[in-house]
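A structural walkthrough
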Amino acid sequence: MSDIIDKILRDSKSATNTLSDFDPFNDVRGWIPFGVPSLYPFLRIPGFPSGSVVEICGLEQGGKTTLGWHIVARAQKILKDVLIVILATERRSRKGYPGVIGVQEDKCILERPKTIEECFSTIEYWINETRSKYGKDFPIIFLWDSLGGTPTKAEAERESDQEFRAVAARVIKKNLRRLVQVIDDSNTLLIIINQVYEKMNVTFGGRKTTSYGGRAVKFHSTIRMQLDNIGQIKSGTTIVGQKVQFDLLKCDFSPPKRKVVIPLLFGFGFTLSREDMLLGVEYNLLEKWKTGFMLKSNPNIKWKSEDEFLKLMIENEKVRFIVHRLFDSRFKNRELL
């Protein structure tokens, strides 16, 4: 039997590929940087794969939009040319805050679609327009904020007391199934921010579900993460941030069902956790100093405790940039993970 298969492969006139030729990492056109250094050792990949859909879900005030701004900011710094399209359907994008995280706001296209159908039409328009002018290798990032806050056309035009959740699921399924082929064939990353709803009258099982949009987004997503606020961060008696737990629900490149906690500072975004600092010692980025840490490349940057580190990140923008750039450039190498 083995000899017959070998003969078939040898005599085949077409360019026949075998499973051994397939490498999911080499098959990706490009990698979009995370923007949050802690996600590199957590996801164990060099970034979000282009040509894919990524879902970021969670309850309100969980850091979903902030994570989106981190991705956009880092992509603008790392990639030479990239088209950023913000689909702001919740009408909450405010000027100034993305710039604090590092987003070049004047280089982002802001679209305000009113329905889910308009969102998909806008995505398809910009992909086709960019491909016709610059080719399919030109990187594009869409940040849809948010799917759960976008009505369907039928819902926007009908009475408010009617139920349209099943309609939304059908619309998303039909459009996403068609559009995912276009995304896969181009250097495009679609980031969908989705809401998590709590089930009512549930006695057994989990109480949370991303029910809006049905299962289409879950099925077509390459990576799915759920963000939860699990506690406050205080500097003295002042609340300066919160602890955000990342739950990896799905990942086609690394094991899912894992969790990591990353600090989020109000007005400044995600920063390093103590686990990242210990990993930094292992990677020769930091060294232990008294009860804290010190940068090996710049011994003047040091801190004795986590509180002192958070205060340093808040008060000194230059130091924050140096620390984050150092970890980001080190962790993005896949060989280290």
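Anything mentioned here points back to the structure above.
The model shown is predicted, which means the values in this text are computed figures rather than measured ones. (Residues numbered from 1 in each chain as written. Predicted model: local features only at pLDDT ≥ 70, side-chain atom pairs only at ≥ 80, totals over all residues. Heavy atoms only, no water.)

This part covers the overall build of the chain. Within the chain one finds eleven helices and 16 strands. By residue count, 47% of the 337 residues in the chain fall in the buried class. A separation of at least 24 residues holds for 64% of the contacts in the chain among residues at least 6 apart in sequence. Surface exposure of the chain reaches about 17900 Å², of which carbon and sulfur atoms provide 48%. (Helix = DSSP H or I, 4+ residues; strand = E, 2+ residues; numbered from the N terminus. Buried < 20%, exposed > 50% of the residue type's maximum accessible area, 1.4 Å probe, protein only. Contact = heavy atoms within 4.5 Å. Areas by Shrake-Rupley, 256 points an atom, 1.4 Å probe, with all protein chains shown as cover.)

Here we take up the sheet that holds strand S14 (residues 286–289). Strands in a sheet are paired, the pairing made by backbone hydrogen bonds, and the direction either parallel or antiparallel. The strand order S14-S15-S16 describes an open sheet built from three strands, whose pairing is antiparallel. Two strands close off the open sheet at either side, each with one partner strand: S14 and strand S16 (302–303). The sheet contact formed by strand S15 (residues 292–295) and S16 spans two bridges and is antiparallel. Opposite Met294, over in S16, you have Lys302 as the bridge partner. (Pairing = 2+ DSSP bridges.)

Moving on, we come to the packing of aromatic side chains. Tallying each qualifying case throughout the model produces eight aromatic pairs. Pairing Phe34 with Phe48 gives two aromatic rings, centres 4.7 Å apart and planes at 90 degrees, and the pair type is edge-to-face. Here Phe48 lies in strand S2 (residues 48–49) and Phe34 lies in the loop between strand S1 (31–32) and helix H2 (39–43), a separation of 14 residues in the sequence. Exposure class is identical for Phe34 and Phe48. Each is buried. Relative to Trp144, the ring of Phe120 lies with its centre 5.4 Å away and its plane at 85 degrees, an arrangement referred to as edge-to-face. A residue pair is termed long-range when its members are at least 10 positions apart, and Phe120 in helix H5 (residues 116–134) and Trp144 in strand S6 (residues 140–145) qualify at 24 residues. Each member of the pair Phe120 and Trp144 is classed as buried. (Phe/Tyr/Trp six-rings, centres within 6.5 Å; stacked < 30°, edge-to-face > 60°.)

What follows covers the pattern of salt bridges. This structure, assessed with the given rule, holds eight salt bridges. Asp185 is the salt-bridge partner of Arg29, the closest N and O atoms lying 3.9 Å from each other. Here the residue Arg29 occupies a position in the loop between helix H1 (2–11) and S1, and Asp185 occupies one in the loop between helix H7 (165–184) and strand S7 (188–195), the gap between them amounting to 156 residues. Here Asp185 ties to Lys136 by a salt bridge, and the two come within 3.8 Å at their closest N and O atoms. Of this pair, Asp185 sits in the loop between H7 and S7 while Lys136 sits in the loop between H5 and S6; the two residues are 49 residues apart in sequence, bridging distant segments of the chain. Salt bridges sharing partners connect three or more residues here, namely Arg29, Arg131, Lys136, Asp137 and Asp185. (Salt bridge = Lys/Arg side-chain N within 4 Å of Asp/Glu carboxyl O.)

Following Asp145, the chain continues into Ser146 via a peptide bond in cis, with omega recorded as 0 degrees. Positive phi, close to 60 degrees, is recorded for Lys257, a residue that is not glycine. As for its placement among the helices and strands, Lys257 is situated in the loop between strand S11 (238–251) and strand S12 (258–265).

In spatial order, the strands read S5-S4-S6-S7-S3-S10-S11-S12-S13; together these nine strands make up an open sheet with mixed pairing. Single-partner strands in this sheet number two, and they are strand S5 (108–111) and strand S13 (269–270). Bridge count for S12 against S13 is two bridges, and the pairing is antiparallel. Of the residues in S13, the one forming a bridge with Leu264 is Phe270. Contacting strand S10 (221–235), S11 and S12, helix H10 (residues 306–315) crosses the sheet at an angle of about 55 degrees to S12. (Axes fitted to C-alpha atoms, helices over the stretch in contact; angles between N-to-C directions.)

Attention now goes to empty space enclosed by the protein. Summed over the entire model, instances satisfying the criterion amount to one cavity of 30 Å³ or more. Estimates place the volume of the largest cavity at around 30 Å³. Surrounding the largest cavity, Arg274, Met277, Thr291, Gly292, Phe293, Trp303, Lys304, Ser305 and Glu306 form its lining. At the level of secondary structure, the elements contributing two or more residues to the lining of the largest cavity comprise helix H9 (274–282) and S15. The residue makeup of the lining of the largest cavity, split by class, is three nonpolar, three polar and three charged. (1 Å grid on protein atoms, 1.4 Å probe; cavity = no way out; pocket = protein on both sides within 12 Å on 5 of 7 lines; lining within 4 Å. Points joined across faces, edges and corners; volume = space filled by probe spheres on them. Nonpolar A, V, L, I, M, F, W, Y, C, P; charged D, E, K, R; others polar.)

What follows covers the nonpolar core. Core analysis: the largest hydrophobic core is formed by 63 residues, its most contacted members being Leu39, Leu43, Phe48, Leu67, Met225, Phe246 and Phe270. It is helix H3 (residues 64–78) that contributes the most residues to this core, six residues altogether. In this structure, Leu39 is in contact with Phe34, Arg44, Leu67, Met225, Phe246 and Ile262, ignoring residues within four places of it in sequence. Within the second largest apolar cluster, 26 residues are counted, among which are Val85, Phe120, Trp144 and Leu179. (Core = buried A, V, L, I, M, F, W, Y, C linked by side-chain atoms within 4.5 Å.)

Spatial relationships are all this shows, so hold off on functional conclusions.
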